[in-house]
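Here's the letter readout for the chains.
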Amino acid sequence: MNSRKIFLLLGALVVAAVTAFMARSLIVGTPAPQAVAAVAAARVDGPEVLVATRSLPVGTILDATAVKYQPWPKDLVENAYFIHQGGFDAKTLQGTVVRNPITAGQPITQGALVKPGDRGFLAAALGAGMRAVTVPVSQQSSVAGFVFPGDRIDLVLTQNVVGGGDGAPLKVAETIMRNLRVLATDQRTDNTVDENGKTQVRTFSMVTLEATPKMAEQIAVSQTLGSLSLSLRSLADNQSELDQAIASGAVDVPNGSDPKAERAMIARVAAQPSAGSTSFETGADVSRFQRSTVPGKPIDTSTPAGAAAAAATKGPVVRVARGNAVTDVAVGGKK
């Protein structure tokens, strides 16, 4: 092989090596293409219908935060839906009661609601196994009208306990029931708003509460003992009551970390009224001139039974005569 062919062969090898090296550099240096999925928000072609913003169980009294308008596919729109384009005002549904359970995001149907004045309205507002009981109140005992349907209240009984040797009654106030839901004030089940959208405060003389059958009996008899007052509860009380219910074992904590089960547990505790664990205050707790207990009545020694009872309770006595007055003075000790 002559020198010319050798040089040509070596030159071809050098060119091939350089080409391979450059090709490898291009392949390694170029980043791998990333698949980018462009998700375009699909625009719903249809009218706006009224849907639930949260889960609405049976008996829920609707307010302004419970519903909203949302676009809905026109092929899935039913005649029973509340359509925004039809000029319907959602404010007219405030105060209506949910007859059938509605999940969050589900359209509101006309048959799922009961309006005030309709037959069975109050029965639909009650939870399963609950009763409606009406209590007379005054402006002072009803938090000056700042109690609205859907609020939660405690029931306070104030009474005078008669008896005692001096005949003066014992003044007592005690919280007999907690976490009762207000169904209506007078005949109103919704909140009245003015032209600016602000809730109007109105006084009322009657309030209808949701209670268990046993608690309804207790409320009925408590009205014969004294006067009843409403104590408005804070929305923040639900967490403290939940902690107490968990600590006492009154509520079953769901296993695992299922958020739906936890929300159901919280809603169950928040909607559960309670009675029995009463707290009370007597007149002596607020004034030093009042008593804390009812003193016992003196024994009537003019009757044989009273004389026997007095002799049984007394120890040795000394009979002191001062003129025509004779007095027995106990000297202590036991017979």
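Values in this document were obtained by computation on a predicted structure and should not be read as measured data.

Undergrad: How should a nonpolar patch on the surface be read in this particular structure?
TA: There is a patch of nonpolar side chains on the surface, built from I6, F7, L9, L10 and L13 and spanning about 510 Å² of accessible area. Within the secondary structure layout, L9 lies in helix α1 (residues 3-29). Classification of L9 by relative accessible area gives partly exposed; the value is 47%.

Undergrad: Quick question: what am I supposed to make of the pairing of strand β1 (residues 48-52) here?
TA: Consecutive side chains of a regular strand alternate in pointing toward one face of the sheet and then the other. Burial runs high along β1: 4 of the 5 residues are buried. For β1 and strand β2 (residues 67-71), the ladder comprises 5 bridges, and the chain directions are antiparallel. Each bridged residue has a counterpart across the sheet, and for V51 the counterpart in β2 is K68.

Undergrad: How do you make sense of the confidence of the model for the chain when you look at a structure like this?
TA: The predicted coordinates ought not to be read in detail in places where the model reports low pLDDT. Chain-level pLDDT for the chain is 79 on average; 76% of the residues reach the 70-or-more range. For residues 35-41, every residue scores under 50 in pLDDT, and the model assigns this stretch 0 contacts once sequence neighbours within four places are set aside.

Undergrad: Quick question: what am I supposed to make of the pattern of salt bridges here?
TA: For side chains of opposite charge, pairing can occur when their charged atoms come near one another. Following the criterion strictly, the structure yields 3 salt bridges and no others. With a shortest N-O distance of 3.6 Å, D63 and R54 are connected by a salt bridge. Note on D63: relative accessible area 31%, which makes it partly exposed. Judged by its relative accessible area of 33%, R54 falls in the partly exposed class. Between D154 and R233 there is a salt bridge; the shortest N-O distance is 2.9 Å. Placement of the pair is D154 in strand β6 (residues 152-161) and R233 in the loop between β9 (227-232) and α4 (237-248), with a sequence separation of 79 residues. Like D154, the residue R233 is buried in the burial classification.

Undergrad: Help me out: how do you make sense of the nonpolar core in this one?
TA: Most often, soluble globular proteins keep nonpolar side chains buried together rather than apart. The biggest cluster of nonpolar side chains holds 19 residues, and the ones touching the most others in it are I153, L155, L180, V207, L209 and I219. Residue assignment for this core shows that the elements contributing at least two residues are β5 (131-136), β6, β7 (170-185), β8 (206-211), α3 (213-225) and β9. Ranked by the residues each element gives to this core, the list is headed by β7, at 4 residues. The residues touching L209, leaving out its near neighbours within four places in the chain, are R131, A132, V133, V135, I153, L155, L180, R181, V182 and L183. Core analysis: the second largest hydrophobic core is formed by 13 residues, L50, L56, L93 and A112 among them.

Undergrad: What am I meant to see in the environment of A104 here?
TA: Within the element layout of this structure, A104 appears in the loop between β3 (97-98) and β4 (113-114). Along the chain, A104 and V51 lie 53 residues apart, while their C-alpha atoms are 7.6 Å from each other. When sequence neighbours within four positions are dropped, the list of residues in contact with A104 reads A52, T53, R54 and S55.

Undergrad: Got a minute to help me understand the side chain of S142 in this structure?
TA: Its place among the elements puts S142 in the loop between β5 and β6. Within polar-contact distance, the side chain of S142 engages the backbone oxygen of S138 at 2.6 Å. Beyond its immediate stretch of four places on either side in the chain, S142 contacts V137, V147, F204 and L230.

Undergrad: Got a minute to help me understand the pairing of β7 in this structure?
TA: Within β7, 14 of the 16 residues are buried, which leaves the element mostly enclosed by the surrounding structure. Both β6 and β7 contribute to a ladder of 9 bridges, which runs antiparallel. Note that in β7 the partner of T158 across the bridge is A173. Pairing geometry for β7 and strand β10 (residues 274-282), over 6 bridges, is antiparallel. Within β10, the residue paired with E174 across the bridge is F280.

Undergrad: Explain α3 to me, please; I cannot follow it from the model alone.
TA: Helical periodicity: at 3.6 residues per turn, an α-helix aligns residues three or four positions apart in one direction. End to end, α3 covers 19 Å across 13 residues, agreeing with the expected 18 Å (1.5 Å per residue, within 8%). Within α3, the full set of buried residues consists of M215, A216, I219 and S222. What you see down the axis of α3 is that its buried residues fit within an arc of 125 degrees, all on one side. Exposed and facing more than 90 degrees away from the buried side of α3 are K214, E217 and T224. Looking at the packing, one finds that the buried side of α3 touches β5, β6, β7, β8, β9 and β10.

Undergrad: Explain the environment of A330 to me, please; I cannot follow it from the model alone.
TA: Structurally, the position occupied by A330 is in strand β12 (residues 325-330). The exposed category is assigned to A330, whose relative accessible area is 56%. Along the sequence, A330 and V318 sit 12 residues apart, while their C-alpha atoms lie 6.3 Å from each other. Not counting the four nearest positions on each side in its chain, A330 is found in contact with P316 and V317.

Undergrad: Please clarify how the side chain of T282 should be interpreted in this entry.
TA: Looking at where T282 falls in the secondary structure, it is placed in strand β10. Taking relative accessible area as the criterion, T282 reaches 8% and is therefore assigned buried. Once residues within four sequence positions are removed from consideration, T282 is found in contact with L170, K171, V172, R291 and S292.

Definitions and limits used
Residues numbered from 1 in each chain as written. Predicted model: local features only at pLDDT ≥ 70, side-chain atom pairs only at ≥ 80, totals over all residues. Heavy atoms only, no water. Patch = residues over 30% accessible without salt bridge, like charges linked within 9 Å, V, L, I, M, F, W, Y side chains within 5 Å. Areas by Shrake-Rupley, 256 points an atom, 1.4 Å probe, with all protein chains shown as cover. Salt bridge = Lys/Arg side-chain N within 4 Å of Asp/Glu carboxyl O. Helix = DSSP H or I, 4+ residues; strand = E, 2+ residues; numbered from the N terminus. Buried < 20%, exposed > 50% of the residue type's maximum accessible area, 1.4 Å probe, protein only. Pairing = 2+ DSSP bridges. pLDDT = per-residue confidence, 0-100. Contact = heavy atoms within 4.5 Å. Core = buried A, V, L, I, M, F, W, Y, C linked by side-chain atoms within 4.5 Å. Polar contact = N/O pair within 3.5 Å; in protein donor to acceptor, adjacent residues only side chain to side chain. Expected span 1.5 Å × (residues − 1). Arc of directions from axis to C-beta.

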